[in-house]
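In case you want the letters, here they are:
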Amino acid sequence: MRLLDRYILRQFIATFIMLVTGLPLLFIIADITDNIDRYMDRGVTMKNLGLAYVYQFPLFVVYAFPIAALVATVFTVGGMTRHQEITAAKAGGVSFYRLFMPIGFMAVVLSVAALGLGEVVPVTLRKRAVLVGESEAQSTGPRSNFVFQTEREGILSARRLEPRVGEMTDVVLEKNASTRGAGVHLLARRAVWRDRGGWRLEDVWRRELRADRTETAVHHDTLRIPGLVETPTELLADPRKPEEMRYAEMTRFIGAIERSGGDARPLRVERAQKLAIPMAVMVIVFFGAPLVTSSARGGAAYGVGVSLGVTIVYMLLFRVGKALGSSGALDPLVAAWGPNGLLLIAAIVLMARVRT
């Protein structure tokens, strides 16, 4: 059986690698065709443009994962069906489910790999945005006279925020009294952000307001607030795009929006899809294997047609789910995971009908 497993894995992995490296090149050509005028208007050099696509390549690889996995499954199982290899294996007492085990194992591995790559993509997309001039308007513009509900330290207000240099002026931080401690009112002339130390307030008056109506006021030249974890970018009116935020960053931003009374449903769908889409790699493989073995018609063209048709419908379901979840017609989790659930049910039905 180990020899047969290696044979199946070799066929699957060879096809998958060819597609997962080739499809992103097609995506790059399509993107250049659509956006070359915009890049030229911004004065993006060829060197920066080439490096930008290097940073965007992981995103295109993530896009290619479901397609490549399905095509690899269809070609592997379909080829074995056409060449009567599956029939021979069954005659030797090996069931289809046992033949599918190496592919199923690889599907799980690829889903985990897609999850990990999905956490790398936001970092590379931020670097790409800088190279093509898309980050200036998003993350460096100032914000004036704003109020922000922080995650841990109450309500923050400031006269001006300069995210490019990580500074705020005329900062007020108010935290209501609770059973754990007195209320706190901080008034600082200036606040400076450091990546390692967080926010450092300068020329600060700190007032503590106790339940017995007594209060104390103390002046500090500098004061660090460990609980003020929001970065300058997170305090902006226009945050990063969802694809430029990692899962944990998006979770924090959703919390900030909801604490401020905003509608976070679109972001909740986006966050759920960060897990659902990588898992689609596994689901789509489990669906494709019994589908292609149930018919011996056609050859490579048939396999490609089945793969593209299923992938297109699957991606459309994700888009429809995103729209329904963002509008409130569906719960965000149902909207994000619904396509996986539907295809998984279909996969189970097809698997049950396979002649073993």
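Residues numbered from 1 in each chain as written. Predicted model: local features only at pLDDT ≥ 70, side-chain atom pairs only at ≥ 80, totals over all residues. Heavy atoms only, no water.

Participant: Looking at this model, I keep getting lost on the overall build of the chain. Mind explaining?
Facilitator: Each helix and strand in the chain was counted, giving 9 helices and 6 strands. Counting the 356 residues in the chain, one finds 43% classified as buried. Surface summary for the chain: the accessible area is close to 18,800 Å², and the carbon and sulfur share equals 61%. (Helix = DSSP H or I, 4+ residues; strand = E, 2+ residues; numbered from the N terminus. Buried < 20%, exposed > 50% of the residue type's maximum accessible area, 1.4 Å probe, protein only. Areas by Shrake-Rupley, 256 points an atom, 1.4 Å probe, with all protein chains shown as cover.)

Participant: Any chance you could explain the sheet that holds strand 5 (residues 198–209) here in plain terms?
Facilitator: In sheet architecture, strand pairing relies on hydrogen bonds along the backbone and comes in two forms, parallel and antiparallel. Read across the open sheet, the 6 strands follow the order 1-2-3-4-5-6; overall the sheet is antiparallel. Unpaired on one side and paired on the other, strand 1 (143–149) and strand 6 (215–224) mark the two borders of the sheet. On average, each strand axis in the sheet is tilted by 15 degrees relative to the strand beside it, whichever way the strands run. Bridging between strand 1 and strand 2 (residues 155–162) involves 6 bridges; their strand directions are antiparallel. Considered in strand 2, the bridge of Ser144 is made with Arg160. (Pairing = 2+ DSSP bridges. Axes fitted to C-alpha atoms, helices over the stretch in contact; angles between N-to-C directions.)

Participant: Looking at this structure, I do not really get the pairing of strand 5. What am I missing?
Facilitator: Every regular strand shows the same layout, with side chains that alternate between the two sheet faces. Summarising the sheet, strand 4 (residues 183–194) and strand 5 pair through 11 bridges and their orientation is antiparallel. Within strand 5, the residue paired with Trp193 across the bridge is Trp199. Taken together, strand 4 and the strand that follows it, strand 5, pair antiparallel across an intervening segment of 3 residues. As defined by bridge partners, strand 5 adjoins strand 6 across 9 bridges and the pair is classed as antiparallel. When the bridges of strand 6 are listed, Val204 appears paired with His220. Connecting strand 5 to the antiparallel partner strand 6 that follows it, the hairpin turn spans 5 residues, and Arg213 within it adopts a positive phi of roughly 70 degrees.

Participant: Help me understand the nonpolar core in this model?
Facilitator: Ranked by size, the top nonpolar core spans 45 residues in total, and within it Phe16, Phe65, Phe96 and Leu110 carry the most contacts. Secondary structure elements with two or more residues in this core: helix 1 (2–41), helix 2 (46–82), helix 3 (85–91), helix 4 (96–131), helix 7 (265–293), helix 8 (300–327) and helix 9 (332–353). At 12 residues, the largest contribution of residues to this core is made by helix 2. Not counting residues within four places of it along the chain, the set of residues in contact with Phe16 comprises Phe65, Ala68, Ala69, Ala72 and Leu110. (Core = buried A, V, L, I, M, F, W, Y, C linked by side-chain atoms within 4.5 Å. Contact = heavy atoms within 4.5 Å.)

Participant: Got a minute to help me understand the packing of helix 2 against helix 4 in this structure?
Facilitator: For any two helices packed against each other, the geometry is given by the interaxial angle and the distance between the axes. Following both chains from N to C, one finds helix 2 and helix 4 inclined at 165 degrees, their axes separated by 9 Å at the closest point. Between helix 2 and helix 4, the interaxial angle falls into the category roughly antiparallel. The way helix 2 lies across helix 4 gives a crossing that is left-handed. Class assignment of the residues belonging to the contact of helix 2 with helix 4 gives a composition of 19 nonpolar, 5 polar and 2 charged. (Parallel < 35°, antiparallel > 145°, perpendicular 65-115°, else oblique. Left-handed = near helix turned anticlockwise from the far one by under 90°. Nonpolar A, V, L, I, M, F, W, Y, C, P; charged D, E, K, R; others polar.)

Participant: What is the right way to look at the pattern of salt bridges in this model?
Facilitator: Should their charged atoms come close, side chains of opposite charge can pair. Scanning the entire structure with this criterion turns up 12 salt bridges. For Asp203, the salt bridge goes to Arg189, with nearest N and O atoms at 3.6 Å. Residue Asp203 is found in strand 5, and its partner Arg189 is found in strand 4; the two are separated by 14 residues along the sequence. Its salt-bridge partner being Glu202, residue Arg190 comes within 2.7 Å of it at the nearest N-O pair. (Salt bridge = Lys/Arg side-chain N within 4 Å of Asp/Glu carboxyl O.)

Participant: What is the right way to read the pairing of strand 4 from this model?
Facilitator: Where strand 3 (residues 167–175) lies against strand 4, 8 bridges are found, and the strand directions are antiparallel. The residue bridging Val171 from the neighbouring strand is Ala188, located in strand 4.

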